[in-house]
Amino acid sequence: YTLLIDKRYQEKDSVISSIHTKVKGVAQTDKWIWDTAEYTIPMQANSFFVITNVITTENQIQGKCAEYPFANAFCSSDSSCIKDSVDQQSNGIRTGRCVKYNATVKTCEIMAWCPVESKKTAPVPAVLESAENFTVLIKNNIHFPKFNYTRQNIPQNFNASCTFNKITSPLCPVFRLGNILQAANQNFSEMAVEGGIIGIEINWDCNLDYWSYHCSPQYSFRRLDDISTSKYPGFNFRFAKYYKQQNGVEQRTLIKAYGIRFDVLVFGTAGKFDFIELVMYIGSMISYFGLAVFVIDLYITYCSCCKSPVRTYHYKKKYETVQNPKWVIYVSYVDKPHVTLIKEPLETSLQHAKGNIVERHPEKFSDSVSCCTDNSNKDSVRKGHGMQPVRMEMAFSQAHQAWCCCGKCQKTEKLHEQLCCRKEEGKCITTSPLFERLVLSRDNLKDALLYKEPLLDLDSRNVNDKLRRCAFKQYIHWRFGSFDLEDRAVVPSCCRWKIRNTYPKDGGNYTGFKAM
């Protein structure tokens, strides 16, 4: 939706513009006729000013006269008027004398254009109230440099007698001043008294794609000065018209002009299809999908309006609770074709603990094992090497354990060591010829060690420790199908003690129950 409606597939450019205005209209007052030269004041930038009200002070000449009464101008004697001083609100420079302004008021005498301006409030109604019927022609030229595109707001079929109307003539560049203020929700008669500032906004929203081209101005109007909070509302300034009398003395007419300043504000953008912009927007939009997942997750987790069952279901799907690592263990039974995962802390023997089937037991071995089984028939773990049983070898328990199904397991009180090679009653896996060849064969174990470390010294004193660990790994790979489970796989009691008795540890102190 955003891609199409906001045209995010387009390259954008900002407008550059120039403004030229012409105000037309004639008004009559008691004293004279006002034409364009009288009521229009040239302004800088994109603005024009129309006089709507005036205060005139005629026949001023430079001389000495009494100051207009204000707080700091009143005096009772010459000592109250400091010579050559200037007050911020004064109309001239004080002479040091206190003179009569009228029959009842005395003020300081000043050197100034006399007589001074005596009227301070704007006339009501405004002198040029009829200025609301004046019209202004606004010429606006725009340029979009990135696309080298230029356009003017005057249409090709322009009718000079037209007047702007938002419905009937929305493109006409001729505006009636009264209509402008009405569109800005202002009363012309009221605003004409003290003046103000009106903004004429021209918006160019151009689509330069040939399949959906449009580029026309849209006009809107609003008041720019804030009369509700301003201490000095309105807009005014003073200027003078100068003359020379027959005797050569210069005189002037001082005019305090109230009026409306119109600021023409032009803004806008142009867009044109660009493939790179399209690709960049689609890429950034796709990235927001990740943010959407985060927001939804945050909502479900923390929002109080999300019901508890929904939150519970979401939590179960999002997280998998893992117990303390020492309770995550794998076991394998010779009479079961799968590996069992046990995650819960033990409350009974490991043999009877309930678990989950996690994978089928594979029947293949790595090359390192296969290469060692070719000569497995040529040795026996109990013959050919003069190996004598050690003192620390522990006899298998003659008493049948409740958790043992093969009759070969060692008695123990530790629940995590109470594991048999079988799930049901039967022969022990240690009696299998394959157990002898794959797990206990000294030659096979040596070959497996040398396969990984060709220069390993097998005549060292601790060779039994290396062979015992290798035997445990061979058993795990055989029964669990991977060396990756070495840290979590538990070797049955019967197999563990068979390996320990075959390759005993000096002192006979065994600390672990997995691959030790």
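For every chain, the first residue of the written sequence is number 1, and numbering continues from 1 along that sequence. Side-chain atom pairs in this predicted model are given and counted only at pLDDT of 80 or more, local residue features only at pLDDT of at least 70, and totals for whole chains, interfaces and linings cover all residues. Values reported for side chains reflect all heavy atoms of the structure, with hydrogen atoms and water molecules removed beforehand.

Reading the Function (unreviewed entry) entry of the UniProt record for the chain gives the comment "Receptor for ATP that acts as a ligand-gated ion channel." UniProt positions are given in the numbering used here, feature names are shortened, and annotations may be inferred rather than shown by experiment.

Lay out the UniProt feature "transmembrane region" (unreviewed entry) in the chain with the relevant residues and their values.
Mapped onto this numbering, the UniProt entry gives "transmembrane region" (unreviewed entry) at residues 278-302. Regarding residues 278-302, the helix share stands at 100% and the strand share at 0%, and the terminal C-alpha atoms are separated by 36 Å. A run of H or I in DSSP becomes a helix once it reaches four residues, and a run of E becomes a strand once it reaches two; helices and strands are each numbered from the N terminus.

Provide a residue-level description of the environment of R261, including the pertinent values.
Secondary-structure assignment places R261 in strand 15 (residues 250-273). C-alpha of R261 to C-alpha of F235: the two residues are 26 residues apart in sequence and 7.6 Å apart in space. Other than its neighbours up to four places away in sequence, R261 contacts M43, S47, F48, F49, G196, I197, I198 and F235. Polar contacts involving the side chain of R261 include one to the side chain of D263, which spans 2.9 Å. Here, residues are in contact when the closest pair of their heavy atoms is within 4.5 Å. In protein, a polar contact means a hydrogen-donor-capable atom and an acceptor-capable atom, both N or O and within 3.5 Å, with residues adjacent in sequence counting only if both atoms are side-chain atoms; elsewhere, any N or O pair within 3.5 Å suffices.

Hey, could you go over helix 8 (residues 433-440) for me, with residue numbers and the actual values?
If you check which residues of helix 8 are buried, you get F435, L438, V439 and L440. Around the axis of helix 8, the buried residues are gathered within 150° of arc, so they sit on the same side. Sitting at the head of helix 8, S432 places a side-chain oxygen 3.2 Å from the backbone nitrogen of L434. Each residue is placed in one exposure class: buried if its accessible area under a 1.4 Å probe, protein chains only, is under 20% of its type's maximum, exposed if it is over 50%, and partly exposed if it falls in between. Arc definition: directions from the helix axis to the C-beta atoms.

Outline the state of the cysteines, supporting the account with residue identities and numerical values.
What counts as a disulfide here is a pair of cysteine sulfur atoms lying within 2.5 Å. Under the definition given, this model contains 5 disulfides. Here C65 is linked by a disulfide to C114, with a sulfur-sulfur distance of 2.1 Å. Since a negative S-S torsion denotes a left-handed disulfide, the C65-C114 link at about -80° is left-handed. Note that C65 is positioned in strand 6 (residues 47-66) and C114 in strand 8 (residues 106-114), a separation of 49 residues in sequence. Considered together, C65 and C114 belong to a single accessibility category, that of buried residues. When the cysteines engaged in disulfides are numbered in sequence order, the chain pairs them as 1-6, 2-4, 3-5, 7-8, 9-10. No disulfide involves C405; its sulfur sits 5.1 Å from the nearest other cysteine sulfur, which is in C420. With no disulfide of its own, C421 lies 3.7 Å from the sulfur of C494, the closest cysteine sulfur.

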